[in-house]
Structures are given as structure tokens and as C-alpha cells.
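Overview (structure and organization)
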Amino acid sequence: MKYFLLCAAALSLVSCNTAIGIYRDGKQGVIWTKNKIQESRNNSGGGDGYDPYGAPTY
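Now for a look at the structure at hand.

About the thresholds
- Residues numbered from 1 in each chain as written.
- Predicted model: local features only at pLDDT ≥ 70, side-chain atom pairs only at ≥ 80, totals over all residues.
- Heavy atoms only, no water.
- Helix = DSSP H or I, 4+ residues; strand = E, 2+ residues; numbered from the N terminus.
- Buried < 20%, exposed > 50% of the residue type's maximum accessible area, 1.4 Å probe, protein only.
- Areas by Shrake-Rupley, 256 points an atom, 1.4 Å probe, with all protein chains shown as cover.
- Salt bridge = Lys/Arg side-chain N within 4 Å of Asp/Glu carboxyl O.
- Patch = residues over 30% accessible without salt bridge, like charges linked within 9 Å, V, L, I, M, F, W, Y side chains within 5 Å.

1. Observations concerning the overall build of the chain
A count of helical and extended segments in the chain gives 2 helices and 0 strands. Looking at the chain residue by residue over its 58 residues, the buried ones come to 0%. When the accessible surface of the chain is totalled, it reaches about 5600 Å², and 62% of it is carbon and sulfur.

This is the structure we're talking about:
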């Protein structure tokens, strides 16, 4: 009976809203990381990230 209650409690934590929240947090984390990497590349002073036409460089 203990195991059944433990499984029921664990499964109740995996709801739609929880999964969506984890997805959104992960996605926002990836976007933030990409922005920080691009900022560090643009501020490096190497001149590799300069494009006179404004196109993104990777």
C-alpha cells in the first residue's frame, strides 16, 4: 500500500502545467545562454563578428 501511495504521489507531480513550465524554463535558459554567448563574441574585440550589412554572424 505504501508503494501504491508513493507511485500515486509521484505521478500526480507530472501534470500538464508542470511539464509546460519545465519546457518554458528550459527554452528561456537556452535563449539566455545564446544571447550571452553572442554578446561575448561581439564584445571580444577580435573583429570577427562585424558584418557591415547587419546579418547575424555565428
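2. Some points on the pattern of salt bridges
Taken as a whole and assessed by the stated rule, the structure comprises 1 salt bridge. E39 serves as the salt-bridge partner of K36, at 3.9 Å between the closest nitrogen and oxygen. Remark: E39 and K36 occur in helix 2 (residues 16-42); sequence separation between them is 3 residues, near one turn of the helix.

3. Considerations on a nonpolar patch on the surface
Where nonpolar side chains cluster on the molecular surface, the patch consists of M1, F4 and L5 and spans about 400 Å² of accessible area. Note that L5 resides in helix 1 (residues 2-12). For L5, a relative accessible area of 52% translates into the label exposed.

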